[in-house]
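For reference, the chains in residue letters:
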Protein chains: 2
Amino acid sequence: MKAYQELSAQELQVEQECLYQGFLEFKARGLKLNMARGKPSSEQLDLSMPILDAINSFQAMNDSEGTDTRNYGGLTGIKEARELMAQIMEVPASNTIVLGNSSLNIMYDTVARSMTNGVMGSTPWCKLDKVRFLCPAPGYDRHFAVTENFGIELITIPMTSEGPDMDLVTQYVENDDSVKGIWCVPKYSNPQGITYSEETVRRFAALEPAAADFRIYWDNAYAVHDFVEPGDVLLSLKEACDAAGNPDIWYMFASTSKITFAGSGISALASSQSNLAEITKQMAFQTIGPDKINQLRHVAFLRDIDGVRAHMKKQAALLAPRFSTVLSILDEQLGDLGVGEWTHPKGGYFISFDGLANTAKRTVALAKEAGVTLTGAGATYPYGNDPLDRNIRIAPTYPSVDELAIACQLFTICARIAATEALLAQQ
Amino acid sequence: MKAYQELSAQELQVEQECLYQGFLEFKARGLKLNMARGKPSSEQLDLSMPILDAINSFQAMNDSEGTDTRNYGGLTGIKEARELMAQIMEVPASNTIVLGNSSLNIMYDTVARSMTNGVMGSTPWCKLDKVRFLCPAPGYDRHFAVTENFGIELITIPMTSEGPDMDLVTQYVENDDSVKGIWCVPKYSNPQGITYSEETVRRFAALEPAAADFRIYWDNAYAVHDFVEPGDVLLSLKEACDAAGNPDIWYMFASTSKITFAGSGISALASSQSNLAEITKQMAFQTIGPDKINQLRHVAFLRDIDGVRAHMKKQAALLAPRFSTVLSILDEQLGDLGVGEWTHPKGGYFISFDGLANTAKRTVALAKEAGVTLTGAGATYPYGNDPLDRNIRIAPTYPSVDELAIACQLFTICARIAATEALLAQQ
């Protein structure tokens, strides 16, 4: 079939009517499917059921340093959990603290503390007239929402196949002292699945920020989440920053939410020891310490990085067919039509679809009408505003392969209808 | 023996030398005991070991509403955990949300959100020139520290045997719109073990604050923590506030930290539905949800308020002898000497000791010198400053009865030495 751009208005109309028939057939099936959020499937969660037996009442409850994990204390997490999370994040354990069940919560708290108490002695951001954050987009809506919630101005930075546009990042960071941070998902980025190149990581490390309290928010959410072998390799930001003489510029976040249980995992913050010293001093006002028993449980189950990798191979066996189902349908149904492009990630939780301009909202609305929920169009951009209305995040992890095949067939019909409408409107 | 106030200088000196001999004997024993923090003992923690088996891999992991507790979601906690914590707090489940492992964390976050985002549409506190909090004292050092950390000015409110001085509270709250909150531990107050009277609770409920964003921070930490039967009864703040037409004035906090495991419990926030609606809207930026599996685990173990009460009776059997050991030694050794007064609580975690003026720091220092750590003198007052240097918080829960007896004997010697010094200095 010819690309849509090469069709006449009449041909487009015929195509549209034909597609609409197909759409109505789907709609008549009364589907109720969801490709909206990056949730693990039940099968993935089943893989971690043995963690529930990893700690039981016959067990000694002291950690490796002799602390009773059942009692108060241990603000920075137990030693063996710090070692485990450090291996996942590829940083030293001495640069790592392990906290509660949500790395998003750590990120939010890190911004919140900067708002109220500043960063290493800087003016609290809430006392400043303007605070800005760089937001590589398409990106993760919950990142953008954290900063928006605090009244921080969001600046869109275009993504390239190597990561954020580093010329633009450098220009902002080095010349604008109201720019205090940048949100990054450096490996298998949400939603594109892009892993930042070595050059990109090195340019991050070499930044000379105008603001002393500028930090890189490095959300290493998918550090061990490959489903194609060999997976992508991410250069160590910590090592690059140390080599560049910029040891305090980075915060790194990770969790086991997509390794064990999504709501009951453990999360970690890594940074320079100076940053951690200041952060833990402030954290001491907030809590007496994290759930150490759940940390002990995770170490008992996952053991070490080899245990994590073996476990993630089982996850990959569940994820790979889901991603290939979606990708093969996109390739088959949209391959030569010129109605969009999409990414082919080797890991992570998402596929990013860019349709023609002015089609994303319409595609999502059509899918919704036929019973398939997608991430809201625009969600991947600051303020929920995708200027070209092109990007849709596809989350293939939660539904079964059969459900995905149906949902994705419908998706391609919706994207094609939206494309015909957009092209006809131009004529 | 005569009261110290009736002794001559010479008699005081003889007494002091004699006490000092006793002190040196203790010191020679090389003790290493701790009566500083309100930590449960190992025996108390042992009572909850079966909770570790309450959830296992053979179990269905859905909550009572059919949600898979292993996955993301459920911002306000699972229904059955809300019902359990609501029973403990004596409020409706519809006014209760259940979160992570630390009620201190909920309190901190509640103040933090008020700082950055205001309260129900009010100006964020960080934008105001002055924000003040009322701090009934002696009180809980970690409460005071939360607000101090945010630069909030702390105002000391004297405690009476019925709770905070309500004349002073009313005067501040109704006339000063920079007063935004008051810290309360209404049942078995920390450190005095005082339970607020009905009159006090009703006066709280009837407050007409100058500031629309004033809230009562009601830390119901010891709601079910009686160790003498019958325990104290606390009037329902919620019902009193509703009756007074003041439904939004209260936040209530509680946790299972001193019911199950101190670091691995569940915590709750109760308030009006309007307050909760606003709070959960903001919380959605911070986290996708709490650890629902740990909530399920707690419900499986504690079941309901009857289960909680049965469990707390076992705790009481461990706590009662500890408290009576301390109290009988204080009564025996200090009873008629006029060197101090102390409380006789029926529950909670502390005994409050008020020595003569200018003796608390010295008493704590002497005890430390002989190997017994007490809560720092002054810690029970805002800014760590006890104006009369009188109050010492005694925490009898963690050591064994034998250790407590030794530590407390030493404590009475230290308090007596400090009293002789203070009286001699006056002469």
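Report on the accompanying structure. Note that this is a predicted model, so its numbers are computed, not measured.

Looking along the chain, the bond that leaves A:A137 and enters A:P138 is cis, with omega of 5 degrees. Tracing the backbone shows A:P138 in the loop between strand 3 (132-137) and helix 5 (141-149). Even without being a glycine, B:D389 presents a positive backbone phi close to 50 degrees. With respect to the helices, strands and loops of the structure, B:D389 is situated in the loop between strand 12 (372-374) and strand 13 (391-394).

A few words on the relation of the copies chain A and chain B. Applying a rotation about an axis and a shift along it to one chain copy brings it onto the other copy. With an RMSD of 0.0 Å, the operation that places chain A on chain B is a rotation of 180 degrees combined with a shift of 0.0 Å along the axis. One copy is carried onto the other by what is essentially a two-fold rotation axis. Among all residues of chain A, the one whose C-alpha sits closest to the rotation axis is A:C126, at a distance of 3.3 Å. Taken together, the interface assignments show that 100% of the residues at the interface of chain A recur at the interface of chain B, consistent with an identical surface on both copies.

Taken together, the 57 residues of chain A in the interface contact 57 residues of chain B. With both chains or domains summed, chain A and chain B bury close to 4,700 Å², and 51% of this area falls on carbon and sulfur atoms. On the chain A side of the interface with chain B, the three residues burying the most area are A:R70, A:Y72 and A:F285, jointly 17% of the side's total. Remark: the boundary between chain A and chain B carries two salt bridges. A salt bridge links A:D46 to B:R70, with the shortest nitrogen-to-oxygen separation between them at 2.7 Å. The tally of links between chain A and chain B comes to 22 residue pairs in polar contact (both at pLDDT 80 or more). When residues of the side of chain A that touches chain B are traced back to their parent elements, those giving at least two are helix 2 (42-46), helix 4 (103-117), helix 5 and helix 10 (292-302) of chain A.

Before going further, it helps to examine helix 11 (residues 305-334) of chain A. By the largest-angle criterion, A:A316 marks the main kink of helix 11 of chain A, which is about 30 degrees. A distance of 3.1 Å separates the backbone nitrogen of A:D306 from a side-chain oxygen at the start of helix 11 of chain A, and that oxygen is part of A:D304.

Let us now look at the side chain of B:N95. All names here are of chain B. Inspection of the secondary structure assignment puts N95 in the loop between helix 3 (79-89) and strand 2 (96-98). For N95, a relative accessible area of 6% translates into the label buried. Reaching out from N95, the side chain makes a polar contact with the backbone oxygen of S271 at a distance of 2.9 Å. Ignoring sequence-local partners within four residues, the contact set of N95 consists of K238, L269, A270, S271, S272, Q273 and L276.

All names here are of chain B. The three strands are arranged 10-11-13 in an open sheet whose pairing can be described as antiparallel. Because the sheet does not close on itself, it has two edges, and the strands there are strand 10 (340-342) and strand 13. Going from strand to strand, the sheet's axes swing by 20 degrees on average, the running direction of each strand aside. Pairing of strand 10 with strand 11 (residues 351-355) involves three bridges; the strand directions are antiparallel. Bridge assignment links G340 to a residue of strand 11, and that residue is G355.

The rules behind the values
- Residues numbered from 1 in each chain as written.
- Chains lettered and ligands numbered in written order.
- Predicted model: local features only at pLDDT ≥ 70, side-chain atom pairs only at ≥ 80, totals over all residues.
- Heavy atoms only, no water.
- Helix = DSSP H or I, 4+ residues; strand = E, 2+ residues; numbered from the N terminus.
- Least-squares fit on C-alpha atoms with pLDDT ≥ 70 in both.
- Contact = heavy atoms within 4.5 Å.
- Buried area = accessible area lost by both parts, 1.4 Å probe.
- Salt bridge = Lys/Arg side-chain N within 4 Å of Asp/Glu carboxyl O.
- Polar contact = N/O pair within 3.5 Å; in protein donor to acceptor, adjacent residues only side chain to side chain.
- Bend = angle between axes of the 7 residues up to and from the residue.
- Buried < 20%, exposed > 50% of the residue type's maximum accessible area, 1.4 Å probe, protein only.
- Pairing = 2+ DSSP bridges.
- Axes fitted to C-alpha atoms, helices over the stretch in contact; angles between N-to-C directions.

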